[in-house]
Amino acid sequence: MNLPKAIEIRPEVRDALQAGSAVVALESTVIAHGLPHPKNLEAAERMVAGVRQAGAVPAMIGVLGARVVVGLSPEDISVLAGDPEVAKVSSRDLSALVASGRPGATTVAATAFVAARVGIHVMATGGIGGVHRGGETSLDISADLAEIARSPVAVVCSGAKSILDLERTLQVLETSGVPVVGYRTDEFPAFYARGSGLRLEHQVDSADEAARLMTAGRDLGLPCGIVVCNRAPAESALDRSEVGSLIDAAIRAAEEGGIRGKAVTPFLLEHIGREGGERVLEANLALLADNARVAARIAAAYASATAG
Ligand code: PSU
Ligand code: MN
């Protein structure tokens, strides 16, 4: 593949892509801005290990040294995880960060864009961004939704962050033509909680089935990605009522503090992590690792279907 200097694919990822083997893209904003240090490093390690265990090559994406790097090393990840000056990079920030040379961590939107650009078909995260509560007036709707609508990548997640307006998030995905598919569930997960009460129309029960759906989308020429919803592992998931009050408190604090724009999500996550304590953090790390494993199985199934 002929890539511009602005994108650097590290050797292990490049070899896997050239061989047509399974690669999973991982976002880095959840590491740099979504979790406290040093838990964020543990999260990154568990995601990377989860991808490898399930037989794929992990490709965490971020911006370093005026280039978008695909396949960050453990050293790169510690840089992004430990420096509070690291920028949060959505799709629209990519060019500015590459031009300025500042380090940055990529959101789901920027990660999906770069993955599609370099030929990676599957990525994993915790929860995608979506429509914030009150989004119908603030218009605070994550660029994740618009980017998934134009980047043909399967995004494996535990739904959208439960701090969001999940019903309107699903509505925007529907309007954008993005398939939302339950992985062994017919319900949209609510991140820490396994259910939201919102039904999904489509469900797959295996990685092979998910890969078949991706293949069908590609053969039809659909230009969008898909959202694959995997519930938080039962042993660490939290009750919906339990997270509800944590979230309400965080949202009140954000309103009182006048937090706006791209600072909202990191603020809410930090607040919930601080107030919720160890169990909430563990639920977050466990679902990140599990989504990475499921993404790797889907990437492997898609790679062998494409080769065969
Ligand atoms: N989900 C998480 N932790 C996170 C985020 C999502 O579990 O840190 C991040 C992701 O990188 C997502 C971003 O793409 O928040 C969305 O931010 P915004 O609402 O500003 O688009
Ligand atoms: Mn936002």
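Residues numbered from 1 in each chain as written. Chains lettered and ligands numbered in written order. Predicted model: local features only at pLDDT ≥ 70, side-chain atom pairs only at ≥ 80, totals over all residues. Heavy atoms only, no water.

## Some thoughts on the overall build of the chain
Threshold: In DSSP terms, a helix is any run of H or I states spanning at least four residues, a strand is any run of E spanning at least two, and both are numbered starting from the N terminus. In this treatment the radius of gyration is a C-alpha quantity, and the globule benchmark scales as 2.2 Å times the residue count to the 0.38 power. To sort residues, take the accessible area from a 1.4 Å probe on protein chains only and compare it with the maximum for the residue type: under 20% means buried, over 50% means exposed, and anything in between is partly exposed. When checking whether two residues touch, look at their non-hydrogen atoms; a contact exists if any pair is within 4.5 Å. Two residue types count as positive, namely Lys and Arg, and two as negative, namely Asp and Glu; His and chain ends fall outside the count. To locate a charge, take atom NZ for lysine, CZ for arginine, CG for aspartate or CD for glutamate.
Within the chain, the secondary structure is distributed over 13 helices and eleven strands. The C-alpha radius of gyration of the chain comes to 18 Å, within 12% of the 19 Å expected for a compact globule of 308 residues. Seen through its principal axes, the chain has C-alpha atoms that stretch 50 × 45 × 35 Å. Split into buried and exposed, the 308 residues of the chain put 56% on the buried side. Long-range contacts, defined as pairs at least 24 residues apart, comprise 74% of the intrachain contacts of the chain with a sequence gap of at least 6. On the chain, the mean spot of the 29 positive side-chain charges and the mean spot of the 36 negative ones are 3 Å from each other.

## A closer look at the packing of helix 11 (residues 240–256) against helix 12 (residues 264–276)
Quick note on the threshold: Orientation is described by lines fitted to C-alpha atoms, with helices fitted over the stretch in contact, and by angles between N-to-C directions that extend from 0 to 180 degrees. Our angle categories are set so that under 35 degrees counts as roughly parallel, over 145 as roughly antiparallel, 65 to 115 as roughly perpendicular, and the remainder as oblique. With the far helix as reference, a near helix turned anticlockwise by less than a right angle produces a left-handed crossing, and one turned clockwise produces a right-handed crossing. Note on residue classes: Ala, Val, Leu, Ile, Met, Phe, Trp, Tyr, Cys and Pro are nonpolar, Asp, Glu, Lys and Arg are charged, and everything else, Gly too, is polar.
Between helix 11 and helix 12, the shortest axis-to-axis distance is 9 Å and the interhelical angle comes to 130°. One finds that helix 11 runs oblique with respect to helix 12. Every pair of crossing elements has a handedness; the one defined by helix 11 and helix 12 is right-handed. Where helix 11 abuts helix 12, its residues Leu246, Ile247, Ala249, Ala250, Ile251, Ala253 and Ala254 lie against Phe267, Leu268, His271, Ile272, Glu275 and Gly276. In terms of residue class, the contact of helix 11 with helix 12 is made up of ten nonpolar, two polar and one charged.

## Examining the packing of helix 3 (residues 39–53) against helix 13 (residues 278–307)
Remark: helix 3 packs on helix 13, axes separated minimally by 7 Å, with the N-to-C direction vectors making an angle of 25°. In this view, helix 3 runs roughly parallel relative to helix 13, as classed from their interaxial angle. Remark: the crossing between helix 3 and helix 13 carries right-handed chirality. Along its contact with helix 3, which presents Lys39, Glu42, Ala43, Arg46, Met47, Gly50, Val51 and Gln53, the element helix 13 presents Glu278, Leu281, Glu282, Leu285, Ala286, Leu288, Ala289, Ala292, Arg293 and Ala296. Here the contact of helix 3 with helix 13 is composed, by residue class, of ten nonpolar, two polar and six charged.

## Focus on the state of the cysteines
Working definition: the covalent bond between the sulfur atoms of two cysteines is a disulfide. As a reminder of what qualifies: A pair of cysteine sulfur atoms is labelled a disulfide when the two atoms are within 2.5 Å.
Per the stated rule, a full pass over the model turns up zero disulfides. There is no disulfide at Cys224, and the cysteine sulfur nearest it, in Cys229, is 14 Å away. Take Cys229: it sits in no disulfide, and the sulfur closest to it among the cysteines is that of Cys157, at 4.9 Å. Residue classification places Cys229 among the buried residues on the basis of a relative accessible area of 0%.

## Focus: the site of ligand 1
Formally: Each residue is tested against the molecule or strand, and it is near if at least one of its non-hydrogen atoms lies within 4 Å. Contacts described as polar in this section are N or O atom pairs within 3.5 Å, which, within protein, must combine one atom able to donate a hydrogen with one able to accept it, while residues neighboring in sequence count only if both atoms come from side chains. Computed by Shrake-Rupley with a 1.4 Å probe, the accessible areas treat only the displayed protein chains as cover when residues are assessed.
Taken together, 15 residues lie near ligand 1, and Glu27, Lys88, Gly127, Ser142 and Asp144 sit nearest. A distance of 2.7 Å separates an oxygen atom of ligand 1 from a polar side-chain atom of Lys88. In the environment of ligand 1, a nitrogen atom lies 2.8 Å from a nitrogen or oxygen atom belonging to the backbone of Gly127. Here ligand 1 has 470 Å² of accessible area as a free molecule, and 95% of this is covered by the chains. Contributing elements (two or more residues each) for the shell around ligand 1: helix 2 (29–33) and helix 12. For the shell around ligand 1, the class distribution of residues is four nonpolar, seven polar and four charged.

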